[in-house]
Amino acid sequence: MTIKEIQEDIIEEFSMFDDWMQRYEYMIELGKSLPLIEEKYKTDDNIIKGCQSKVWVHAELEDDKLVFTADSDAIITKGIIAILIRAFSNQRPNDIIEANTRFIDEIGLKEHLSPTRANGLVSMIKQLKLYAVAYQTQIN
């Protein structure tokens, strides 16, 4: 699936819920299915700066596609990074770089987060895209 197709699936899934309590519960469930980062990668180098909670993200290139793993010490944050990883993992770095993140606005996520969590969300997106830029230069 392309990033856009995955994002459309996520939008559709979130539209099934009537209120934000149900969406938060769904995000927590998504966090439980997060591809967990290996303990050896839970280092300061892999912590996303700008997040209120601790969020670790690791990326590896497999068959010219980036594969992300992550973890967080907070359940909502774990759900947020799970959504992002679902959209961007197993994709070519250049596709990640060029992808828009409007789906975040379409599901209403940013407006339902505290300001510090919203900043953390932006930092997570930025970090995933930075990984993509770094690996894209390796491919070229």
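Whatever comes next refers back to the structure up there.
Computed from a predicted structure; not experimentally measured.

**A closer look at the overall build of the protein chain**
Item 1. When helices and strands are counted, the protein chain shows six helices and two strands.
Item 2. Mapped from its N terminus to its C terminus, the protein chain presents α and β elements in the order α-α-β-β-α-α-α-α.
Item 3. Rg of the C-alpha trace for the protein chain: 14 Å, near the compact-globule value of 14 Å for 140 residues, within the 12% margin.
Item 4. With respect to the principal axes defined by its C-alpha atoms, the protein chain has extents near 45 × 30 × 25 Å.
Item 5. Split by element, the accessible area of the protein chain, about 7,700 Å² in all, is 49% carbon and sulfur.

**Details of the packing of helix 1 (residues 3-15) against helix 3 (residues 75-88)**
Item 1. Packing of helix 1 against helix 3 leaves a shortest axis separation of 8 Å and a crossing angle of 145°. Counting all contacts with helix 1, which are made through Ile3, Ile6, Gln7, Asp9, Ile10, Glu13 and Phe14, the residues of helix 3 involved are Ile83, Arg86, Ala87 and Phe88.
Item 2. For the contact of helix 1 with helix 3, the class distribution of residues is seven nonpolar, one polar and three charged.

**Structural notes on the pattern of salt bridges**
Item 1. Going through the model one piece at a time under the given rule, you end up with eight salt bridges.
Item 2. Across the pair Glu13 and Arg86 runs a salt bridge whose closest N-O atoms are separated by 2.6 Å. Residue Glu13 is found in helix 1, and its partner Arg86 is found in helix 3; the two are separated by 73 residues along the sequence.
Item 3. Of the residues examined, Glu13 reaches a relative accessible area of 17% and is grouped as buried.
Item 4. Overall, the relative accessible area of 31% leaves Arg86 in the partly exposed class.
Item 5. Between Lys42 and Asp71 there is a salt bridge, with the nearest N and O atoms lying 2.8 Å from each other. Linking Lys42 in the loop between helix 2 (20-32) and strand 1 (55-62) with Asp71 in strand 2 (residues 65-72), this pair joins segments that are 29 residues apart in sequence.
Item 6. Owing to a relative accessible area of 26%, Lys42 belongs among the partly exposed residues under this scheme.

**Digging into the side chain of Ser89**
Item 1. Following the sequence through the fold, Ser89 ends up in the loop between helix 3 and helix 4 (93-98).
Item 2. By relative accessible area, which is 10% here, Ser89 ends up buried.
Item 3. Within the structure, the side chain of Ser89 is placed 2.9 Å from the backbone nitrogen of Phe68, a separation counted as a polar contact.
Item 4. Once you skip the residues sitting within four places of it in the chain, Ser89 turns out to touch Leu66, Val67 and Phe68.

About the cut-offs
Residues numbered from 1 in each chain as written. Predicted model: local features only at pLDDT ≥ 70, side-chain atom pairs only at ≥ 80, totals over all residues. Heavy atoms only, no water. Helix = DSSP H or I, 4+ residues; strand = E, 2+ residues; numbered from the N terminus. Rg over C-alpha atoms; globule rule 2.2 N^0.38 Å. Areas by Shrake-Rupley, 256 points an atom, 1.4 Å probe, with all protein chains shown as cover. Axes fitted to C-alpha atoms, helices over the stretch in contact; angles between N-to-C directions. Contact = heavy atoms within 4.5 Å. Nonpolar A, V, L, I, M, F, W, Y, C, P; charged D, E, K, R; others polar. Salt bridge = Lys/Arg side-chain N within 4 Å of Asp/Glu carboxyl O. Buried < 20%, exposed > 50% of the residue type's maximum accessible area, 1.4 Å probe, protein only. Polar contact = N/O pair within 3.5 Å; in protein donor to acceptor, adjacent residues only side chain to side chain.

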